[in-house]
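What follows is each chain in one-letter form.
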Amino acid sequence: MVEQLVEALSCPPIQRAVIACVLCGASCSLLSVFVVLMKMPLIGVSMSHAAFAGAVLGLLLDVNPFASGFVVCLLAAGILGPLSDRTDIAPENVLGIMFSFLMGLAFLGMGILTRTKAGALNLMWGSLLSLSGSDIRILTVITTLLVLFVALFFKEIRSVMFSRRLAASSGVPEKAIYYALLFLTGAVVSANLATVGGLLIFALLVQPGATALQLTYNLKHFFLIAAAAGIGACVSGLFLSYIFDLPSGASVVLMATAIFAAAFIVSPKRRSNKSGERNTTHATDIR
Amino acid sequence: MTDAILELEEITVRKSETLLLDGISLTVSRNEFVGLIGPNGAGKTTLLNVIAGFEPFQGSFRLFGQRETGKRSRASRLRVGYVPQLFPLDPAFPINALEAVLTGLVGRLGLFRSPGGKEKEKAMNLMEMMRVDRLAGRPLGQLSGGERQKVSLARAIIQQPEILLMDEPTASLDSAVQKEVLNLIDEIHRRESLTILFVTHDFTMIPSAMKRAVLLDRGAKVFDGDVDTALSGDSLSRLFRYPLETFEHNGRRFVSYG
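Rules and cut-offs
- Residues numbered from 1 in each chain as written.
- Chains lettered and ligands numbered in written order.
- Predicted model: local features only at pLDDT ≥ 70, side-chain atom pairs only at ≥ 80, totals over all residues.
- Helix = DSSP H or I, 4+ residues; strand = E, 2+ residues; numbered from the N terminus.
- Rg over C-alpha atoms; globule rule 2.2 N^0.38 Å.
- Buried ≥ 20, exposed ≤ 12 C-beta atoms within 10 Å, placed from the backbone.
- Contact = placed C-beta atoms within 7 Å.
- Pairing = 2+ DSSP bridges.
- Axes fitted to C-alpha atoms, helices over the stretch in contact; angles between N-to-C directions.
- Parallel < 35°, antiparallel > 145°, perpendicular 65-115°, else oblique.
- Left-handed = near helix turned anticlockwise from the far one by under 90°.
- Nonpolar A, V, L, I, M, F, W, Y, C, P; charged D, E, K, R; others polar.
- Expected span 1.5 Å × (residues − 1).
- Domains from an automatic or database assignment.
- pLDDT = per-residue confidence, 0-100.
- Core = buried A, V, L, I, M, F, W, Y, C linked by C-beta atoms within 7 Å.

Structural notes on the overall build of chain A
For chain A, the helix and strand inventory stands at 15 helices and 0 strands. Its C-alpha radius of gyration of 19 Å places chain A within 12% of the 19 Å reference for a compact globule of 287 residues. Considering only C-alpha atoms, chain A reaches an extent of 55 × 45 × 30 Å along its principal axes. Counting across all 287 residues of chain A, residues that qualify as buried make up 52%. For chain A, long-range pairs separated by at least 24 residues make up 75% of all intrachain contacts whose partners lie at least 6 apart in sequence.

So, in structure tokens, the structure goes:
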């Protein structure tokens, strides 16, 4: 099996796929920290479907799917951001409507695509083995931007994740941080359409963060554990798919779930958290 | 020349068809401790949110002599501290008590500067004042409600505000812990010479430093004056539309339902 893997690694498409797995795992898992700690999985799922719908639109209009996916993501972020700040409407309902609308739009686009639908299906499931050099370059730039964002604004990010309202009240530019996060989510999701696809990426936007939540109370360690879990899921999923001839996107997601399950089972936090449950009762949400 | 640092004139807040605040006018001077008291739905928290810069409003609002609009500047935010009600926090959330206190300094430090030894020492001193210094390394979500509110007070003070806004900081706490938190609030007022606006619906749990009370009912101001008159049986009976009598024993106010 080792020989088989070594041989595979000498092949340029596999090399590109491994690099993409590391970048995809790192970028999605860093975002998953925000998605999990700020409790915004619906925003994550809506953004991933916005990227998917935009990319299908790109195929229809014969423009770069990454570019069109990114533009639609930015539009979605522009709608979702103010929406989540509203206190007079339930954002969950509107997010649900938006998510299903974008999904409908994507399938409509796929339905009226006159030429082969393989490209659109690749956007849905991803295709690690058919990545181009420019896909990798885009992914590298966006992952680097995200890592810099986290490193440079760590204390602001911690403050915003703890409570947006408290962050705002103490002079933190919380809106700028929050909107930057939404835009980076759009960029990461769009850039990863070619790797794990617009449907499966949602798993990577939640599971690495949920894995880290089981294991640490330290936010720096949280980011590192999430990144390790995400990269581990992507790389091991790729190798499993190669060895057993399975769809790569699905293998990655199933590995991410397996890593989460292992973390949940060994979690030292679950037991100690039971005593903390009392703190969450009879309280008002100020976030 | 006036030492008023907060001047509200005809502040109105409307959400859809509902009038939440109906032309509230209020002036607060430096170092005053003012209670905003009223039943549920009176508009207390909405008024506090306007002052904190969280709520759009109509009317005229001057803070530290500057006219405020919907958008609050960073400089202005730094001068206003905020202590919310106890809010739900995942016990697994990755932040400890000391880190939570230090989040109050993030805005003041500005971008690209992390809290160093001096800031951590200051945070520990405040935590000692709040009697939670031994909990500095504990995950915040695993502290009791009272301990979390003490951390919240330290977080607000480390910001070095000039006005402290408190939105029912003792709600959801048991009576003994409520009293302990109220004593700390009195101590903060005395030591830091802060102007404090304190929202509560529980008129039996009032900090002793509070000398002035503003009673709100259905979005309107119905009384503004000394706290003893505000919390008399007649006044509260009118406010809560229920016959109430109050009496004091050992410095605590008790209520008798008629």
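What about the pairing of strand 3 (residues 33–37) of chain B?
Residue and element names in this part refer to chain B. For strand 3, the buried fraction is high: 5 of the 5 residues fall into the buried class. Every second residue of strand 3 is oriented toward a common face, with Phe33, Gly35 and Ile37 on one face and Val34 and Leu36 on the other, all of them buried. Where strand 3 meets strand 8 (residues 195–200), 5 bridges bridge the pair, whose relative direction is parallel. Opposite Leu36, over in strand 8, you have Val199 as the bridge partner. The pairing of strand 3 with strand 9 (residues 212–217) spans 4 bridges and is parallel. When the sheet's bridge partners are listed, Ile37 is paired in strand 9 with Leu215.

Describing the sheet that holds strand 4 (residues 58–63) of chain B
Residue and element names in this part refer to chain B. The antiparallel open sheet is built from 4 strands, whose spatial order is 2-1-4-5. Each edge of the sheet is formed by a strand with only one pairing partner; in this case those strands are strand 2 (18–29) and strand 5 (66–67). Relative to strand 4, strand 1 (residues 4–15) runs antiparallel, the two sharing 5 bridges. By the bridge assignment, Leu6 is partnered in strand 4 with Leu63.

Some thoughts on the packing of helix 3 (residues 41–61) of chain A against helix 6 (residues 118–125) of chain A
Residues and elements named next belong to chain A. Closest axis-to-axis distance for the helix 3/helix 6 pair is 10 Å, and the angle between their directions is 165°. Considering their axes alone, helix 3 and helix 6 lie roughly antiparallel with respect to each other. Of the two elements, helix 3 crosses helix 6, and the hand of that crossing is right-handed. Between helix 3 and helix 6, the contacting residues are Phe52, Ala55, Val56 and Leu59 on the first element and Gly119, Ala120, Leu123 and Met124 on the second. Split into classes, the residues belonging to the contact of helix 3 with helix 6 amount to 7 nonpolar, 1 polar and no charged.

Remarks on the interface of chain B and chain A
At the junction of the two partners, chain B supplies 38 residues and chain A supplies 34 residues. A breakdown of the residues in the side of chain B that touches chain A according to their chemical character gives 20 nonpolar, 13 polar and 5 charged.

Digging into helix 5 (residues 117–129) of chain B
Residues and elements named next belong to chain B. With 13 residues, helix 5 extends 18 Å from end C-alpha to end C-alpha; this agrees with the ideal 18 Å at 1.5 Å per step. On the buried face of helix 5, the contacting elements are helix 3 (97–102) and helix 6 (145–158). Looking at the residues trailing helix 5, positive phi occurs at Arg131, about 60°.

Focus: the domain arrangement of chain B
Residue and element names in this part refer to chain B. For chain B, the domain assignment lists domain 1 (4–79 + 162–257) and domain 2 (90–160). Computed from C-alpha coordinates alone, the two centres of domain 1 and domain 2 are separated by 25 Å. Taken together, the 13 residues of domain 1 in the interface contact 11 residues of domain 2. Among the secondary structure elements, those contributing two or more residues to the side of domain 1 that touches domain 2 are helix 2 (74–78) and helix 7 (175–192). Top contributing element to the side of domain 1 that touches domain 2 by residue count: helix 7, with 6 residues. Taken together, the residues that form the side of domain 1 that touches domain 2 break down as 8 nonpolar, 1 polar and 4 charged.

Focus on the confidence of the model for chain B
This prediction gives chain B a mean pLDDT of 90; 98% of its residues lie at or above 70. Predicted complex, confidence summary: ipTM 0.88, pTM 0.88.

As for the sheet that holds strand 10 (residues 220–226) of chain B
All names here are of chain B. With respect to topology, 6 strands assemble into an open sheet ordered 6-7-8-3-9-10, the strand pairing being mixed. If you trace the sheet from one side to the other, it starts and ends with strand 6 (80–83) and strand 10, each paired once. Ignoring which end each strand starts from, the neighbouring axes of this sheet average 15° apart. As defined by bridge partners, strand 7 (residues 163–167) adjoins strand 8 across 5 bridges and the pair is classed as parallel. By the bridge assignment, Leu165 is partnered in strand 8 with Leu197.

Regarding the nonpolar core
In this structure, Phe52(A), Leu36(B), Ala97(B), Val101(B), Ala154(B), Leu165(B) and Leu197(B) are the most contacted members of the largest nonpolar core, which totals 175 residues. If one sorts the elements of this core by residue count, helix 2 (residues 12–37) of chain A sits on top with 14 residues. Both domains that meet at this core, namely domain 1 (4–79 + 162–257) and domain 2 (90–160) of chain B, each give it at least three residues. Once residues lying within four places of it in the same chain are set aside, the contact partners of Leu36(B) are Lys44(B), Leu47(B), Leu48(B), Leu197(B), Phe198(B), Val199(B), Val214(B) and Leu216(B).

Structural notes on the packing of helix 3 of chain A against helix 4 (residues 65–85) of chain A
All names here are of chain A. In the contact formed by helix 3 and helix 4, the axes pass within 7 Å of each other and the chain directions differ by 145°. The interaxial crossing formed by helix 3 with helix 4 has right-handed handedness. When helix 3 is examined against helix 4, the residues Ile43, Ser46, Met47, Ala50, Ala51, Ala53, Gly54, Ala55, Leu57, Gly58 and Leu59 are found in contact with a partner set consisting of Pro65, Ala67, Ser68, Gly69, Val71, Val72, Cys73, Ala76, Ala77, Leu80 and Ser84. Considered class by class, the residues forming the contact of helix 3 with helix 4 number 16 nonpolar, 6 polar and no charged.

What to know about the environment of Leu23(A)
Residue and element names in this part refer to chain A. Counting through the fold element by element, Leu23 comes out in helix 2. For Leu23, a count of 26 C-beta atoms within 10 Å gives the class buried. Along the backbone, Leu23 and Asn192 are 169 residues apart, and their C-alpha atoms lie at a distance of 9.1 Å. Filtering out sequence-adjacent residues up to four positions away, Leu23 remains in contact with Leu139, Thr140 and Thr143.

Brief notes about helix 1 (residues 44–52) of chain B
Residues and elements named next belong to chain B. Counting buried residues in helix 1 gives 9 out of 9 residues, a clear majority hidden from the surface. Inspection of helix 1 places Lys44, Thr45, Thr46, Leu47, Leu48, Asn49, Val50, Ile51 and Ala52 among the buried residues, and these make up the whole buried set. Phi for Gly53, located one or two positions after helix 1, is positive at around 90°.

Some thoughts on the pairing of strand 9 of chain B
Residues and elements named next belong to chain B. Pairing analysis gives 6 bridges linking strand 9 to strand 10, with the strands arranged antiparallel. From the neighbouring strand, Leu216 faces strand 10, where its bridge partner is Lys221. Between the antiparallel neighbours strand 9 and strand 10 lie 2 residues, among them Arg218 with a positive phi of about 50°.

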